[in-house]
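A closer look at the structure
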Amino acid sequence: MAQLAVENVTLSFGGLNALSGVSLEVNSGELVSVIGPNGAGKTSLLNCISGFYHPSRGRIEFEGHDLTHASPHTVTHYGVARAFQNIELFTGLTVLENLMLARHTYTHYGLLANLWFYGKALKIAVENRKVVEEVIDFMELEAYRKALVGDLPYGVRKRVEVARALSLSPKLLLLDEPMAGMTLEEKEDMVRFILDIRAERGTTIILIEHDLGVVMDISDRVYVLDFGQVIAVGTPEEVAQNPRVQEAYVGVEHA
Ligand SMILES: Nc1ncnc2c1ncn2[C@@H]1O[C@H](COP(=O)(O)OP(=O)(O)OP(=O)(O)O)[C@@H](O)[C@H]1O
């Protein structure tokens, strides 16, 4: 059975269907990319999976949990984390503080629980620090751990954004254009990190990316959206040869 199943999801904004009957299945450990022209519905799909939007029709299931109407916090609790296109970090905090805060928000105990189970809360804080330090090491951010995020170059901030999502120890990682605006060298680094996250941590990955060269190189399977509908799905080779995909991309040059 698929780890994530999006079944026939429709998302409407007034009269506009951002998604119309979209179905998608992702298996544990897969790296699946979602591509499509601007406005095709890619971010809307991630918004539905991560609980920011709730579909007007259809169902979303992750490891047997119904995510269709779940809150972002609940979705995170089930093991789905997202790195945002527009970087959701606190610029006045350091890299370490951002990751600790993300991790703490996810594992926090209420005030009363903290008072009554002081020992347990302390144990969790130590464990959180261990996880975050390991993520900093994994994403090669040691040199920046005490730097304010607002002082970092854009490419490093994008990497910290991925690290923030990773610090939640997700089983499924949603990456919304993690390479947008990066230099070639930064892109190559990010590709290496994405492949390592999958290989070394076994994390399932859904990637939205406009750089088709990267998508074709690293994806197990590719879903193509156009006007809110899935117009093709398959291996990178299958999708690249699909006439509907070629048609959707005519005049749309992102790569
Ligand atoms: N909050 C919103 N309110 C109204 N319309 C929205 C909203 N979010 C998305 N849309 C519309 O839904 C459609 C799909 O948008 P979406 O951002 O999901 O596309 P996308 O494929 O991610 O595009 P891009 O590649 O430009 O990021 C677009 O027509 C967009 O204008």
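Use the structure listed above.
Let me begin by describing the structure that accompanies this report. (Residues numbered from 1 in each chain as written. Predicted model: local features only at pLDDT ≥ 70, side-chain atom pairs only at ≥ 80, totals over all residues. Heavy atoms only, no water.)

A closer look at a nonpolar patch on the surface
Heads up, the condition is: Patch definition: residues with relative accessible area over 30% and no salt bridge; like charges joined within 9 Å; nonpolar side chains (Val, Leu, Ile, Met, Phe, Trp, Tyr) joined within 5 Å. Throughout, the Shrake-Rupley method with a 1.4 Å probe supplies accessible areas, and for residues the shown protein chains are the sole cover considered. Salt bridges are identified by distance alone: a Lys or Arg side-chain nitrogen within 4 Å of an Asp or Glu carboxyl oxygen. Here a helix means four or more residues in a row that DSSP labels H or I, a strand means two or more in a row labelled E, and each is numbered from the N terminus. The cut-offs for exposure are 20% and 50% of the maximum accessible area for each residue type, with area from a 1.4 Å probe on protein chains only; residues under the lower value are buried, those over the upper are exposed, and the others partly exposed.
Together, Phe13, Leu16, Phe52 and Tyr53 make up a nonpolar patch on the protein surface, roughly 380 Å² of accessible area in all. Among the structural elements, leucine 16 can be located in strand E2 (residues 16-26). Taking the relative accessible area as the measure of exposure, leucine 16 reaches 54% and is therefore exposed.

Considering the sheet that holds E2
What counts, and what does not: Pairing between strands is defined by DSSP: at least two bridges between the two strands are required. What makes two residues a contact is simply this: any of their non-hydrogen atoms within 4.5 Å. Axes, fitted as lines to C-alpha atoms, cover a helix only where it is in contact. Angles between the N-to-C directions of the axes lie from 0 to 180 degrees.
Overall, antiparallel pairing links the four strands, which are arranged E2-E1-E4-E5 in an open sheet. Of all the strands in the sheet, just E2 and strand E5 (65-66) have a single pairing partner and so form its edges. The sheet contact formed by strand E1 (residues 4-13) and E2 spans seven bridges and is antiparallel. Looking at E2, one finds that valine 9 is bridged to valine 22. The strands touched by helix H1 (residues 42-49) within the sheet are E1, E2 and strand E4 (57-62), with E1 carrying the most contacts at an inclination of about 115°.

Some points on the site of the ligand
Inclusion rule: For this description, a residue counts as near a given molecule or strand if any of its non-hydrogen atoms is within 4 Å of it. Polar contacts here mean pairs of N or O atoms no more than 3.5 Å apart (in protein, one a potential hydrogen donor and the other a potential acceptor; neighbouring residues in sequence count only if both atoms are side-chain atoms). Each residue is assigned to one of three groups, with Ala, Val, Leu, Ile, Met, Phe, Trp, Tyr, Cys and Pro labelled nonpolar, Asp, Glu, Lys and Arg labelled charged, and all others, Gly among them, labelled polar.
Close contacts around the ligand come from 14 residues, with Gly39, Gly41, Lys42, Thr43 and Ser44 the closest. Between the ligand and the protein, one listed contact pairs an oxygen atom with a backbone N or O atom of glycine 41 at 2.9 Å. Between threonine 43 and the ligand, the recorded distance is 2.8 Å, taken from a backbone N or O atom to an oxygen atom. In isolation the ligand has 640 Å² of accessible area, and contact with the protein removes 63% of it. The set of elements that each furnish at least two residues to the shell around the ligand consists of E2 and H1. The element best represented in the shell around the ligand is H1, accounting for three residues. Looking at the shell around the ligand residue by residue, the class counts come to six nonpolar, six polar and two charged.

Describing the environment of aspartate 151
Here aspartate 151 lies in the loop between helix H5 (118-138) and helix H6 (154-166). When the C-alpha atoms of aspartate 151 and leucine 93 are compared, they prove to be 10.0 Å apart, with 58 residues separating the residues in sequence.

What about the sheet that holds strand E10 (residues 229-234)?
Working definition: the strands of a sheet are paired by backbone hydrogen bonds and lie parallel or antiparallel to each other. Read from one edge to the other, the open sheet built from six strands follows the order E6-E7-E8-E3-E9-E10, with strand pairing classed as mixed. Single-partner strands in this sheet number two, and they are strand E6 (80-83) and E10. Ignoring which end each strand starts from, the neighbouring axes of this sheet average 20° apart. Pairing analysis gives five bridges linking strand E9 (residues 221-226) to E10, with the strands arranged antiparallel. Of the residues in E10, the one forming a bridge with aspartate 226 is glutamine 229. The strands that H6 touches are E6 and strand E7 (172-176); relative to E6, the one it contacts most, it runs at about 170°. Along the sheet, helix H7 (residues 184-201) contacts strand E3 (31-35), E7 and strand E8 (204-208); its crossing angle with E8, the most-contacted strand, is approximately 155°.

Side note on the pairing of E4
Pairing of E1 with E4, which is carried by five bridges, proceeds in the antiparallel orientation. Paired with valine 6 across the two strands is isoleucine 60, which belongs to E4. The sheet contact formed by E4 and E5 spans two bridges and is antiparallel. The partner of glutamate 61 across the bridge, within E5, is aspartate 66. Two successive antiparallel strands, E4 and E5, enclose a turn made up of two residues, where glutamate 63 displays a positive phi of approximately 45°.

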